[in-house]
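# Breakdown of the fold
These are the residues of each chain, in order.
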Amino acid sequence: MSTQVRQVSSLFKIARWAVLGAGLSYGFLHGHSLHKQANARRIDQEYARKVSLIEEAKRKFAEQKSAQSGSSTDKFDFEDPNFDADKWFKHLETTSK
């Protein structure tokens, strides 16, 4: 009992190699586009993080500046039970100079 080797047509061989090449090309191009999208997303996230850090720093700076400038224009409530007379005297000394 001998088995004969079946002959495969040349068209089938060429088509098989062409499909393999097309699949490899598609995989390479698709992977490249995914890589570019991931890089663009990473760059956008990094930019957004830097913008948020800058905005936070600006907000903290404004708070510090308002706290410093607010100390010279303090409003004193003499009826407040927690009124600090020493602070009021120091305020008078700094404003009279």
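Before any of the text, the structure's been laid out above.
These lines cover the structure that appears in this document, whether it is placed above or below. (Residues numbered from 1 in each chain as written. Predicted model: local features only at pLDDT ≥ 70, side-chain atom pairs only at ≥ 80, totals over all residues. Heavy atoms only, no water.)

## What to know about the packing of aromatic side chains
So the rule is basically this: Note on ring pairs: Phe, Tyr and Trp rings are taken, using the six-membered ring of Trp, and paired if centres are within 6.5 Å. Classes follow the plane angle, with under 30 degrees stacked, over 60 edge-to-face and the rest tilted. With a 1.4 Å probe rolled over the protein chains alone, any residue whose accessible area is under 20% of its type maximum counts as buried; one over 50% counts as exposed, and the rest are partly exposed.
Summed over all chains, the structure comprises 4 aromatic pairs. Taking 6.4 Å as the distance between ring centres and 55 degrees as the angle between the ring planes, the aromatic pair formed by Phe-83 and Trp-88 counts as tilted. Relative to Phe-89, the ring of Trp-88 lies with its centre 5.3 Å away and its plane at 45 degrees, an arrangement referred to as tilted. According to the relative accessible area criterion, Trp-88 is partly exposed, its value standing at 24%. Put simply, the rings of Phe-78, Phe-83, Trp-88 and Phe-89 touch in pairs and so form one group of aromatic residues.

## Quick word on the pattern of salt bridges
Short version of the rule: The term salt bridge refers to a side-chain nitrogen of Lys or Arg lying within 4 Å of a carboxyl oxygen of Asp or Glu. Note on conventions: DSSP H or I runs of at least 4 residues are helices, E runs of at least 2 residues are strands, and numbering of each starts at the N terminus.
Applying the stated criterion across every chain, the model contains 3 salt bridges. The residue Arg-49 makes a salt bridge to Glu-46 at a minimum N-O spacing of 2.8 Å. Here Arg-49 pairs with Glu-46, and both are found in helix H1 (residues 10-72), just 3 residues apart, close to one helical turn. The partly exposed category is assigned to Arg-49, whose relative accessible area is 42%. Taking relative accessible area as the criterion, Glu-46 reaches 31% and is therefore assigned partly exposed. One salt bridge in this structure joins Lys-60 and Glu-56, with 3.4 Å as the shortest N-O distance. Here Lys-60 and its partner Glu-56 are both found in helix H1, 4 residues apart, which amounts to about one turn of the helix.

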